[in-house]
Structures are given as structure tokens and as C-alpha cells.
Amino acid sequence: RTQARACRASAMAFVKRLIGRGGGGEQLGLTTTTAPAYGVNDDEYEGYDDEHRDGDYDHGARLDGTNDGLFTTEERDDENVLGQLHERYGRRTFAAESGVIKPTSGGFLAKKACAGELHAPTSHVCAFNAHTVPENDLQLDFAYGYRGHDTRHNAVYNVDGKVVYASAATGVVYDGNEHVQQFFTFHGDDILCLAIHPELDIVATGQAGRDPVVCVWSTKTCEILAELRGFHQRAVVSLSFDSTGKFLATVGLDDEHSIAVYDWENKKVLANSKGDVKRIFNCEYNPYDGRIVTVGENHIKFWVMENGYLVGKNGVYGRLGKPSTILSIAFGSDGSAYTGNQHGVIHQWADGGEECIQKFDHVHQGPVHDLFISEDYIISCGKDGKINFFTQYMEKVFSVDMGQVVESIVDDQGKPVCYYDGKAVCVKSLYLDGVQLLVGTATGELFEFDLSTEDAWKRNRRIITQGHANVFDAHASLYNAELWGLDCHPSQAKFITAGDDRTVRTYDMYLRRQLSSRNVASRARSCAYSHDGKYIAVGFYGGGFMVYEEKTGQEVAAKKHRRSIISDVKFSPDGRWLAVASHDFFIDIYDTKSHYKRAGVCKGHGAPVTNVDWSEDGKYLQSVSQDFELLFWEIPSCELIEFAAALKDVKWATWTCTIGWPVQGVWPKHSDGTDVNGLARSRDGRVVATANEDGVVRLFRYPSDVGRADHKTFVGHSFHVTKCCFSYNDEFLVTIGGEDRTVLQWRHYEPDEGDEEMTSDVEEEIFTAVEDYEDFGITNKMEQMVFTGHLKGIPQYVPLSVYKATPMHDIPPDSGLDAGSRLAFLPCASSIYAPDDYVREPDILSAPLEAVQLEFAHGYRAHDARDNLHYAAFGDVVYSTAGLGIVYNREAHSQVFMGENPASEEISGHTDDVTCCARHPNGVIFATGEAGCNPKLIVWSSNATKRPVVIIQGYFKKAIASATFSRDGSKLCAVDCDVGHKIGVYNWQTGELLSSCDGSPEKIVNIAWSPFQDYIVTLGVKHCVFWSPDPLKGRKAVFSKRGTIQTALCCGFPAADTTVVGTQDGSLYLFRGYQLGTNARRVHKVAQAITATRDMIISAGSEGVVKFWTADLSLLLRSVSIEYPNVTTACVKSMHLHGKMLLLGTRTGEVFEMNTTSYSYNLLFQGHGYGTIWGLDAHPSDHQICTVGDDSTVRVWDVPSRRMVMVRHLGAKARSCAYHPDGTQIAVGLAGGGIIIFSSDSLDTVHLRKDRGEPIGVLKYSPNGQYIAVGSDENTIDIYDVGKQYSRIGVAKGHSSKVIQLDWSTDSALLQSASANAELLFWEMPNGAQVKFPADLRNVEWYTWSSTYGWPVQGIIPNHSLGDDITCCDRSHTRTCVAVGDARGVLRVFQYPTHQNAQSRSFGAHSGAITQVKFLFDDSYVITVGADMTICQWRVVLGAA
């Protein structure tokens, strides 16, 4: 302590020597004002910190340059000019950089007064990597600000219509459509001028500085093309390209205001000359005669380049006036030059000469700052806030009044968002592109207007960017305002800034816009949010502070107990106290619960206090001063804690003090004490960012308890960065520049955490789906083929197994086999006999008269898909099942289909499972992707489903897991299920692959394109990545400590740069950009589906609950449980919101529609759940069917109404079912070997039997209803007597493979059976004795025919097959045709009987094997079921193709 006191005197002497720098920096901008006595009452200085109490503030300073009588009327018009005339820009400093120093004893702070107060926490050990570069990173995200106070004509449109301008040391390219910026950051100091190339794709920018550089760079890539330096000094103030774009004219700020002409591509000075001893403001190439025109203080010259020299001639006014200060230049189509001067006059100069030929008085009241000439107008702007439009003859057409504009743009409270104090808005820059007018103002704002009509600007205008304004100091005739106040909201992505322009501004980090601007009484130097974000405190230059409500702007308190700068204000973490630090060396503590009554004063510092921080419990305060003193205080007693070591284990809520144990490494060893103006620790305590005097932002590890740490550096500011602050969620870092008054928003990237173990059964579901694609995908079936020759020039191949097959040896001589019959190669060949006296019809090989039309498909694929259920533009529902894209009409309960036609030579639809469905933004176009080798991505219209719009194929190899359209609908992005899970972006209209890359080694289950911005999100197993689309470049989501990296399943987009992600543990993660901002933990069992609007987020989970949230997840609005008769837990996998109606698709195949106003819902349609549908039978006398499958349910459907009638959960997988001939009972065979008999009208259990341990693959009642035959995978057939309580009365044994088909004779005396190895056997009933001589049964009348082997169906097997691809068949009750299903999902209809080489009609809908096919009792419909979990209902028609 004694050492610290001894240092104080020498430190103060050092500070007083530097005080002459004025208000340039907080470390040096000191005052020596004596503080009032501690006993002063609160009432003594009550009120605003107005100018009358602000002794250090210039009373004559105004934003627009006006003053209070210090100048004459004529001079008053020139204040904007005076600021430029007196500016020399000579203030760039360079950091006293040093290498890494590990021991703290070798650091800068070890020799300062604070050295004795630097204590590490108990048991702390310096990290091995504390001195190394942090893994975290920063990327410039947005720049708020525009330099307009001392520049002109420095905002332009490039060839792409993007806005190009400068702020601080950064060139900005702004995309108005996306509201994003690109940055050029090569400059090291303020950019003072800008010129655009004639081709509008390149700009040149010039900067201030001792050795100023001119940069020529691309506005498309922001890459530098040329760097020109070495000729000019002090600054480059004006630039201009010639009409060819080859030459670049530059003007410097040296004493002679030199002019140079560069061949910029070769970086050579072609000619140069002294310009004038007086200031030159502007230079422009005349695009018509190639001369250079320079204007300035009583200066206008016309220059030509001759023999390496620039030769200039003064302009001649003649009788039209006398020399005056000229500020702006433009050129008419006739080659004449127009100039605007400080008195509001425009002169016209002769083409090719130097004579003034016309004068136009009183164009503006005050300086004419810029001119722009288009084909239709001569446009001028000036200090009077008017933008005047003239004809080519200078006849005024109309005006834009910027005063009206800034008054009309208001915030939520109706207050102006722009800076406006009732005086004219000084306009400094104009640029017209088509009907878009770009306007820059002296107060740092950039506007865009629509000029499609003369009054369109009143309605159609927007703010491109806003920053703090500069202030003209009338006494010094200089602009000298700075920006010092900054704080981030404690729980929202907002921040506030407070500056010398007497405004406090609020910004939204995600919207990247200024939300509000509040005028205050004096220059503001500090600001802070309260702990809950409801209040804002502002500290003033003259010693006072105020507190107001953030939402309403209503003042809560205004106090003044100091007369010097309030350098820092901070609320305690609990909101009870407000600490106010001043340059009077004191810290005042105010009680927020007692109307901000002063509770105490912390006294002890010997120099101006710069920063304070509260402990997490609000009991302690730490503070630093400009003499490097670090003190600690007990609050609210305000007692100085003499022994700093006692607080070494205290946890600090923030760390902004530039001195302290954990920030020793941020100081260069040889610093002069002014290098670090401010710093901020990230909220998670991993890094610390510093705001530095040299204009650089630096990022260090935290704690930085070393002598000097390595770091990352980031540029963008020009000079004198004053403060920095991390957002509440560490997603952003905000920095502010003192003299450049620019706010830079940096995106903060944290290192990814390691993966965590998955705990949900979602993983099993995901991997099962991948196996399904491999095992059941039709196009994944690989078979070796043999070349057999050519047919009409086309190569012919047959499977190797078919090629090597030989006919059976035991075929009897009188066999009924047709010539070339494929049955001859199968074990059933010996059982094939034709009936006696059979005569072939002449047309028996022709296609049948009967055909079918798909009328309805029961099913919805959701077990392995999400976001595949949508509303079309006009309210129809679009989804997929099997190989179909379906458009469902809710009113008519009808469907139309986008599907494959197997009879067509062209591909017209999907040939495998449709795995995803994406909706175009117009709601008419949809895209569906399929599984299988070389899968197709088909784009089709819901208004015309017969033919696809385009088929995309070739890049994806296994299965398309998910697809999404871009927000403008021009692109289509999809992801594959191959090893690398490839992502491809297509121009879907042309089929061109625009960009592609590997997505992840783990499965990606979902891909979505933001409807607000051009970024894509992919989700999957331990995978959440955000992608830029062109080219595809991904960045992993950063979870930090707010979430865990786990399987992500679904997402929605409530706003720009905002993504909500649902995870396997049921959490909802709200990402701002790539960073996790907030979350709602475990709100579902598994979060399966999300949809979002700007006002609401809707989530649904595997537990069947739909939840409605506010757009920021802060409040649960409503929770609705989906419960419906005959529906088990409704695991919602897909949602789509259209107006107030919400579609809900479940994993078990149900689709509901909910009214989000009343929260009522109804069932639209349903299907079987996950698993193959194995069993099907038709009611013997009614239009009903029964189905069973692997979803462990038995379901009864009504065909005419196209709806399910009943469902019964079995508790076990089922493989077969059959109606009793009288329709009263339904028998179901289980996969476990049992059978259950149900009542058909209620599905109540009637009987249970279990005599087998293997699946019951087929069962069938005898025509008389007395018996039931049950075939099993144990190769046996059990016979049961229905009348005797289903007692077993016989067993048929003889098959060598599982039994797959059964048919009874009409008299119920015989049974035929087919097995999986193509055996066809016959049995006497009911004893089960095998008939040894099949020939004896050739004339038997069979009641049904479902066997795929036998004399009447030998033609259903293709010539290139051995019958294993034919899965089922059924004969019509009229016995005129037979319907056949195959392993490829094709339904064929043949004449009956069917002979070899018979023609058929083919129909497509299923994507996998058709497991059963049945005609209804009256042959009006054919029903098919399959492995694709779909029931297809086909209407039988005659004569249709």
C-alpha cells in the first residue's frame, strides 16, 4: 500500500503532462476539476447534466455545424467546410508490441502501482496454454456507421446492385436483399474517399495516415487488386477513375495538395503535379474529354496529362461570379462540367474549355455538397437537407425533403430513429441507379429511396445503415465527437451505445438494425443495462447521469454529483446498486430501491477512475484508475479493502477492468500505458477481448495470467477503439471506435466440444432405416447377368441363375405345361396338369379386358422421414407413401397421384420408396426423393401430376434422406444416405449441379433452407451444421455450456439468422447464427418436429404432445396432447402450418389437422404403422377388407368410404388374416406361431390357439365354413374344426419349405398348397392326407386361386425369371382374369387362365414387394398391400389402358 501511495505523485505528474491531448482517449483525457465535498446533499445537483453545468463542453457545438453567434451569417454556412479545412488526420499510433512472456514478473503490470494487488485464486495453477493463441475466433458480421461528415460522393451501387461505402477503416459491400455485408479490411486508417470503376465492379478507396494507401479492390470478392502508396502524405482525400477504367487520379492532403495519375494495374505514377496551397476537396475525370477537374477552397482547375506532367488551367468565371469554395462536380451529357459551391450556387463550365457559361443561384440554402447527373435529371443536395431534381436545362422538377424523411421513420414508441433535432439534415452523397437513389448524410446515415414516381420516395425508403454522428467544435473549428458508451443486454441480442452526439442508441444484433435513438441533454460517455434489462443508465461528459426505462424511454432518475466525465456506470448483479465512476477520482453508489438516493462514495483513487466491476454476489466492487491503481470496495459501506488478497477467491460478474490478475497478459511489455482502452471477458470465461488505441481488436485466452500472451488480432476500426462487450450468449462481440464512431459487430466462434454418448432409441430408428434402404430397396438388388445376344440391335441379358437352370426330370408326358413354361424349371412341374377337354381361346394370350385405376392409397411414410407433409397453395395436402407423391383433397377425401407407370417406356415417377418431400415456396411445385441405387429426385406440380417437371439423377447413390428448396425457389438442395452423406445443390429447372460436398460421416436425417436468408441447416447423428450454399461451406453449431452435442432431428426458422433445433433428448435449442443462444431443456420425450413463424414456435414430440411457444422460447403458450380413438401414442414426425391450420403427421401413419386458434383437431386419414403389411383378405359379401402386419395391429377398412373402420392392437406381429365365409369372424395368424379369432363386427377375441412356434404365413377358411387351414413356416398345415371351438383335427406334412399359399376346392374336400421353394402339393380334407397323384385332380374346381404356381397361372412368370419375383396372385370371382403382384411393386392383370407369353396390363404404385392382392367379392376393386406399409385401393374398369 505504501508503495502504491509513493507512486501516485509521479503518476500524476506524468498524467498532467499528457492532459493536453484533450478528450481523445479515456486513458489520457483527464481533467483536474476538484470534486465537491462528500457531504453534498442529493438535491444540490439534482436534474439533467445540461450544458450550463457542463464546464468542459463546448456550448457552440452542434451536429449540423450551427453555433450561437460565433460566426457571421456567411461563415455559418461554411462550418462543414471549416471542419475539413482544419483536419490533418495525423493521429495514428502503433502498439508497443512485444513477444510472448510467460512469467508475470516480466510483464508490464509487474512494474505498476497495481502489482501488489494481483493475486491468483487459491490453488490456481497457470494453465499450460495460457500464453498461447485462443481457439476462439471472431469474424466481422456487421458494421453500423457511415462516414459522411468530412466526405462526399462516397456511397455507390456496384454492378450487382449492392451498396458500396466506407465506415472507419472498412470498405462495406451491402446486399439489401439479404441484409448482409461483405468487408474490405486492408486499410489501416479512416477511409476518406471512394471512387467506382466504369464497369461498376471495382472501387478505389483512399485513407488517412502518415503514409496513406490507395486500395483498388473487387466489390464482388472484396479482394485487393492493387495497393498504391509512396506518393501522397497525410491523407488521400479524393479519387476518380477515367472513362476507360485504366487510370486513377488521386489528391493528397500534403501542403501542396498534390495530384497524381496512376496506371493502377501496374502500380505506376504516370504523372503528378502540385495542386494548390489551398485545400482541394474533390477531383473528377471528365468521361467525355478525359480532363481532370479539381475543386476546393477558392479553387477550380482543369488538368490534362502531357508528356508525364499534369498541366492545369484555372477556371474563368468572367461576369458570372468570383472564385469561391467549390465542393462538388458532375458532368453533363454534352461534356460540360457542373460544380456546386458553398453558397448554394451551381456553375456550368464549357465542354473542352475553362470558361463558366452559366450560373444558377439559390439552388440550395448553403453548400451544395454533391451533384449527380443521369439521363433524366440533374440532382443536387446540400446542407439545407434538400435533394433537388432538375431537367437538363436546370428547370426544377421536384425535391426530396430529408427533414420529412427522418421525422417519418419512427420506433415502436413513435420517436424518430434517425438523428433529428428540427434542423436541416445535411446531405453529403448522392448516387442514382435506375430508380434507386442512394443518399448519405453528414450525421452518419445512409438511405435508399424508390424514385419510380415523383412521390414514391415518401413511401418506399429504407435505412441502409446508421451510426453515431460527429460534432463540430466551433471553438477549434474541428469535428471532435467520440463514441465511448457501450453495453449488451443481459438476456437478449441487443446492445446500446452512447456518444458525444448526445444520443443513446439501441441495436438488435440479429436484425442488424438500429431499433431506437434517444436524445439526451449532454455528451454521453458511458451506459449500462440493469440486471434484468428493463433500465438503462447513461453517464455524461459533464458529471451527471440519468436512468430511464428501456421499453418506454421514460426517465426514472437524473442525478449530478460530479463535474467531470462519468467514465463507467454499472448495476450490481441483483439490481440493487448502481456504481457511477467519474474522472473526479470517485465512485458513487446509488440505491435503486430508494429512488437512486446516493448510498455512499468510494474514495481513494488518485487519478480518474476508468472501469468498475461487481462481484457475483453484489457485495464487492473493484475499480481501476488511469494511474494503474486497482482498488477493492465493500458495498454498500464503500469501505476500501486494504488487503486485496482477501478477495482473491471472489467471483466477478464481469471483468472490464483493464488491470487485474487474469488480464496481465493483455499488456505489451513496453507499453506507455495507453495501449488498452477497454476489455471484456466472455460470459463463459474462456476468452478476453481488448479494445486498443491502435485500432485493433485483440482476443486472448482467459485467464491471461502471464507476462504477455499471444493473441489473435482483428481489424476494421481506424483508430482508438474505446470499448468492447460480449453479447449475453457470447455469440457476438461488439466494439466501438472512439473517433471513427463506428460500431462493429463480430460473430464469436467458440471451439466445438467433444461428442457425447447418445441415450435415445432414436439412434436405432435411424440406423434401421439405413438398413431398410439396403435390404428392401428395389434398385439395391444386385444380380449377376449373362449376355444372350441382340434383339433388334439391343443387347439382351438374363440372370445367371435363369441361364443355368435346367428343366425338371420328372415331368410326366401328359403334363399341362405350355411350351417354354417357366414352371418346367421348378419343383412344381410334376404337378401341372391341364383340365380335360380344355380348348384355348384364340385371344387367350392377349391382355385382359379388365384394367385398374388407383383410387386411394392408405398410408403415410413417417417412420424414417420428417417434414414430408405439406399444404399446397390452395389447401390440398401433399405427402408421400410407397412410390407415390400424393395430393389429397380434404373436402372430397380423394387423391391424385404422381407415380410411375410401368407400361410406359419413359420414367414417369418413382421406382423405389419415396423417402422425402419438399415444398417449393409457391406451394405448387414439390420435390420427392427416393431410396435405392442411383436414386431419383423428381420435381413435380401438384396441379399436374401426370408428368414430372424434371427428374434429377446421377449424383446421389444410395437414398435421398431429405430435400429442401431455397427461399426464392430457384435451387433445390438434398442429402444422400451414402457413406459421406453427400449434399448437393441444384438449379432444379436445368438439372445443373451447382455445388456439392460431403456432409458428415454420420447419417444426416434432415436438411432445411432458411426462408429468410441463404443458409442451409443439416441435422443428424451428433450433427448440426450451418452451410452457406454457394459454394457449400459448413460451420458446426457451437453449443458451449448451454447444450450438448447430440442427435438433432428437426428445425424451424422463426426469424432471420435464427434457427430452432429439436434434439433426441427432447430439448429445443434456439441458435442465433451458429451459436446456441437459449434452450428449453427436455420439453419432449424426443423432439421430432418443429415449425415456426415470426410470432410463434410449434414443437411436437414422440409422446404425442404439441407445444406452442413464443418466438424466443421464453414462454410456453399452450400444450395440446393428441389423443384419438384407435390411435396409440401419436409420435408426431412432420408439421406444416398454413394460415391457422396445422398438419400433423405421425410415425404410425395418421395425419391430423389442427386449428391453432381453437386447438381442436380431426383425423384426415391413416395407414398402418412401421413394418410390412403381410395379411389381406376381402369380406365375402361386403365392401370391406381386413389387413394385418408388423405394426401388431389388425385393421378393418371400408372401401367405398376409403376409411378405416376398426383397429385392434394385437401385442404381437401378424402375418396373415382371413374372413370366415359368412363374414362374422376374422382369423389372424401371428409371427409367433399363434392364431387369434376375432369377431368381425367388434374385433373382440373369440378364440386363441398356438400350436406352432414359427410364423403363420397363410390361413384360409373352407368354402363351407367348417374348417380353417393354417400354413406355417414350420412347413406344415394345421386343420382346425371351426364348429368344435377350433380344435385341431389334422396336420398336413410334406413340404420342404414354408407354406405360403392355400386354396380350397369348391366342395371343401381338397386343399392345394404352395411353398417358398415352388412346391405345389394337394391334400385330402380334413384328415390332411397327401394326394400322391396330382393328375387325378386336373378337373377339380378350386374355390379360389391364390397360388403363384399351377396350370392356370403358368404365364404369370416372366421368361427371364424362375418365379421367385412373383409374390402373390388372386383370381377374380368371374374367373376371367388374375391379378399378380411382384417383388418390384408392379401389379399386373392377366387373362385367366394365363398361358406362357400371355400379355398383361401393368400398374405401378408400390415401391416394394406386393405381399398380398385380393379382389372384392363383386370384383369392383382390387386391393394390394406391401412391404412399403401401404394399402392401395384399385378400381376395376373395362377397356382402360
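Residues numbered from 1 in each chain as written. Predicted model: local features only at pLDDT ≥ 70, side-chain atom pairs only at ≥ 80, totals over all residues. Heavy atoms only, no water.

### Re the overall build of the protein
So, point 1. Of the regular secondary structure elements, the protein holds 6 helices and 107 strands.
So, point 2. Burial statistics for the protein: of 1441 residues in total, 64% are counted as buried.
So, point 3. When the accessible surface of the protein is summed, it comes to about 51,900 Å², and 48% of that surface belongs to carbon and sulfur atoms. (Helix = DSSP H or I, 4+ residues; strand = E, 2+ residues; numbered from the N terminus. Buried < 20%, exposed > 50% of the residue type's maximum accessible area, 1.4 Å probe, protein only. Areas by Shrake-Rupley, 256 points an atom, 1.4 Å probe, with all protein chains shown as cover.)

### What about the pattern of salt bridges?
So, point 1. Inspection of every chain in the model, using the stated rule, returns 48 salt bridges.
So, point 2. Put simply, R598 and D588 hold a salt bridge, and the shortest N to O gap is 3.1 Å. With a gap of 10 residues between them, R598 in strand β43 (residues 597-602) and D588 in strand β42 (residues 587-591) connect regions that are remote in the sequence. For the pair R598 and D588, a shared accessibility class is recorded, and that class is buried.
So, point 3. Note that R1081 is salt-bridged to D1065, the shortest N-O span being 3.9 Å. Here D1065 lies in the loop between β75 (1058-1063) and β76 (1068-1072) and R1081 lies in the loop between β77 (1075-1080) and β78 (1087-1092), a separation of 16 residues in the sequence. (Salt bridge = Lys/Arg side-chain N within 4 Å of Asp/Glu carboxyl O.)

### Some words on the packing of aromatic side chains
So, point 1. This structure, assessed with the given rule, holds 45 aromatic pairs.
So, point 2. With a centroid separation of 5.4 Å and 85° between ring planes, the pair formed by Y377 and F389 is classed as edge-to-face. Here F389 lies in strand β24 (residues 386-390) and Y377 lies in the loop between β22 (368-373) and β23 (378-382), a separation of 12 residues in the sequence.
So, point 3. Residue class for F389 comes out buried when judged on its relative accessible area of 0%.
So, point 4. Ring centres of Y860 and Y879 lie 6.0 Å apart, and the angle between their planes is 75°; on these two criteria the pair is classed as edge-to-face. In this pair, Y860 sits in the loop between β57 (850-858) and β58 (870-871) while Y879 sits in strand β59 (residues 877-881), placing the two residues 19 residues apart along the sequence.
So, point 5. Through successive ring pairs, a cluster of aromatic residues spans Y1015, F1026, F1039, F1053, Y1069, F1071 and Y1074. (Phe/Tyr/Trp six-rings, centres within 6.5 Å; stacked < 30°, edge-to-face > 60°.)

### Description of the state of the cysteines
So, point 1. Inspection of the entire model under this criterion finds 0 disulfides.
So, point 2. Not engaged in a disulfide, the cysteine C917 finds its nearest cysteine sulfur in C916; these two sulfurs lie 7.7 Å apart. (Disulfide = S-S within 2.5 Å.)

### Observations concerning the nonpolar core
So, point 1. With 80 residues, the main nonpolar core has I387, M402 and F447 as its most contacted residues.
So, point 2. For this core, the element with the most residues is strand β1 (residues 137-144), which contributes 5 residues.
So, point 3. Excluding its chain neighbours within four sequence positions, the residues that come into contact with F447 are M402, V405, V406, I409, C418, L437, L438, V439, T441, R462, I463 and I464. (Core = buried A, V, L, I, M, F, W, Y, C linked by side-chain atoms within 4.5 Å. Contact = heavy atoms within 4.5 Å.)

### A look at the side chain of D1428
So, point 1. As for its position among the elements, D1428 is in the loop between β106 (1421-1426) and β107 (1431-1438).
So, point 2. One buried charge, D1428, has no salt-bridge partner; the nearest side chain with opposite charge is R861, at 7.3 Å.
So, point 3. A distance of 3.0 Å separates the side chain of D1428 from the side chain of H1406, its partner in a polar contact.
So, point 4. Not counting residues up to four positions away in its chain, the partners in contact with D1428 are T881, A882, D913, H1406, S1407 and G1408. (Lys, Arg positive; Asp, Glu negative; His and termini not counted. Polar contact = N/O pair within 3.5 Å; in protein donor to acceptor, adjacent residues only side chain to side chain.)

### Here's the deal with the pairing of strand β54 (residues 743-749)
So, point 1. The buried fraction of β54 amounts to 7 of the 7 residues, a majority that puts the element mostly inside the structure.
So, point 2. Side chains V743, Q745, R747 and Y749 of β54 all project onto a buried face; the interleaved residues L744, W746 and H748 project onto the opposite face, where all are buried too.
So, point 3. Bridging between β1 and β54 involves 7 bridges; their strand directions are antiparallel. In the strand pairing of β54, L140 is matched with W746.
So, point 4. Judged from the 5 bridges that link them, strand β53 (residues 732-737) and β54 form a sheet pairing that is antiparallel. Counterpart to L733 in the pairing with β54 is W746.
So, point 5. Remark: 5 residues form the turn of the hairpin made by β53 and β54, two consecutive strands paired antiparallel; R741 in that turn has positive phi of roughly 55°. (Pairing = 2+ DSSP bridges.)

### Brief notes about the pairing of strand β80 (residues 1105-1110)
Both faces of the sheet carry side chains from a regular strand, because those side chains alternate between them.
So, point 1. Across the 6 residues of β80, 6 count as buried, placing the element largely inside the fold.
So, point 2. In the sheet, strand β79 (residues 1096-1101) pairs with β80 via 5 bridges, with the strands oriented antiparallel. Pairing of M1096 across the sheet is with T1110, part of β80.
So, point 3. Here β80 runs beside strand β81 (residues 1116-1121); their pairing, made up of 5 bridges, is antiparallel. Looking at β81, one finds that V1105 is bridged to S1121.

### A word on the environment of T443
So, point 1. Looking at the secondary structure, you find T443 in the loop between β27 (436-441) and β28 (445-450).
So, point 2. Between the C-alpha atoms of T443 and D501, which are 58 residues apart in sequence, the distance is 9.1 Å.
So, point 3. Not counting residues up to four positions away in its chain, the partners in contact with T443 are Y419, G467, H468 and A469.
So, point 4. A polar contact of 3.1 Å, which involves the side chain of T443, links it to the side chain of T441.

### Here's the deal with unusual backbone geometry
So, point 1. For the bond from D1030 to P1031, the omega torsion is -5°, close enough to zero to count as cis.
So, point 2. Structurally, P1031 is set in the loop between β72 (1023-1029) and β73 (1032-1036).
So, point 3. Here the residue pair Y1392 and P1393 is connected by a cis peptide bond, since its omega of -5° sits within 30 degrees of zero.
So, point 4. As for its position among the elements, P1393 is in the loop between β103 (1386-1391) and β104 (1400-1404).
So, point 5. One non-glycine residue, H595, lies in the positive phi region at around 55°.
So, point 6. Relative to the helices and strands, H595 resides in the loop between β42 and β43.
So, point 7. Unusually for a residue other than glycine, N1275 sits at a positive phi of about 70°.
So, point 8. Turning to its location among the elements, N1275 is positioned in the loop between β95 (1267-1272) and β96 (1276-1281).

### Overview of the side chain of R502
So, point 1. Tracing the sequence through the fold places R502 in the loop between β33 (494-499) and β34 (503-508).
So, point 2. The class for R502 is buried, based on a relative accessible area of 14%.
So, point 3. There is a polar contact of 3.5 Å between the side chain of R502 and the backbone oxygen of A521.

### As for the sheet that holds β28
What links the strands of a sheet is backbone hydrogen bonding, and the strands pair in either a parallel or an antiparallel sense.
So, point 1. The strand order across the open sheet formed by 4 strands is β26-β27-β28-β29, and the pairing between neighbours is antiparallel. Because the sheet does not close on itself, it has two edges, and the strands there are β26 (427-433) and β29 (461-466). Between one strand axis and the next, the sheet turns by 20° as a mean value, whatever way the strands run.
So, point 2. Looking at chain direction, β28 and β29 are connected through 5 bridges and run antiparallel. Residue pairing for β29: L446 is matched across the bridge by T465. (Axes fitted to C-alpha atoms, helices over the stretch in contact; angles between N-to-C directions.)

### Structural notes on the environment of A829
So, point 1. Structurally, the position occupied by A829 is in the loop between α6 (800-804) and β57.
So, point 2. Considered as a pair, A829 and H809 are 20 residues apart in the sequence and their alpha carbons are 9.1 Å apart.

### Topic: the sheet that holds strand β37 (residues 535-540)
So, point 1. Reading across from one edge, β36-β37-β38-β39 is the order of the 4 strands in this open sheet, with antiparallel pairing throughout. Edge positions in the sheet fall to β36 (524-529) and β39 (555-560), since each has one partner strand and no second. Strand-to-strand twist across the sheet, computed as the mean angle between neighbouring axes with direction ignored, equals 15°.
So, point 2. Pairing of β36 with β37, which is carried by 5 bridges, proceeds in the antiparallel orientation. Following the sheet pairing, A524 is matched in β37 by F540.

### Overview of the confidence of the model for the protein
So, point 1. Averaged over every residue, the pLDDT of the protein is 87; residues scoring 70 or more account for 89%.
So, point 2. With pLDDT under 50 throughout, residues 1-77 is counted as low confidence; its partners more than four residues away or in other chains account for 176 contacts.
So, point 3. Between residues 753-761, whose pLDDT stays under 50, and residues either more than four places distant or in other chains, the model counts 19 contacts. (pLDDT = per-residue confidence, 0-100.)

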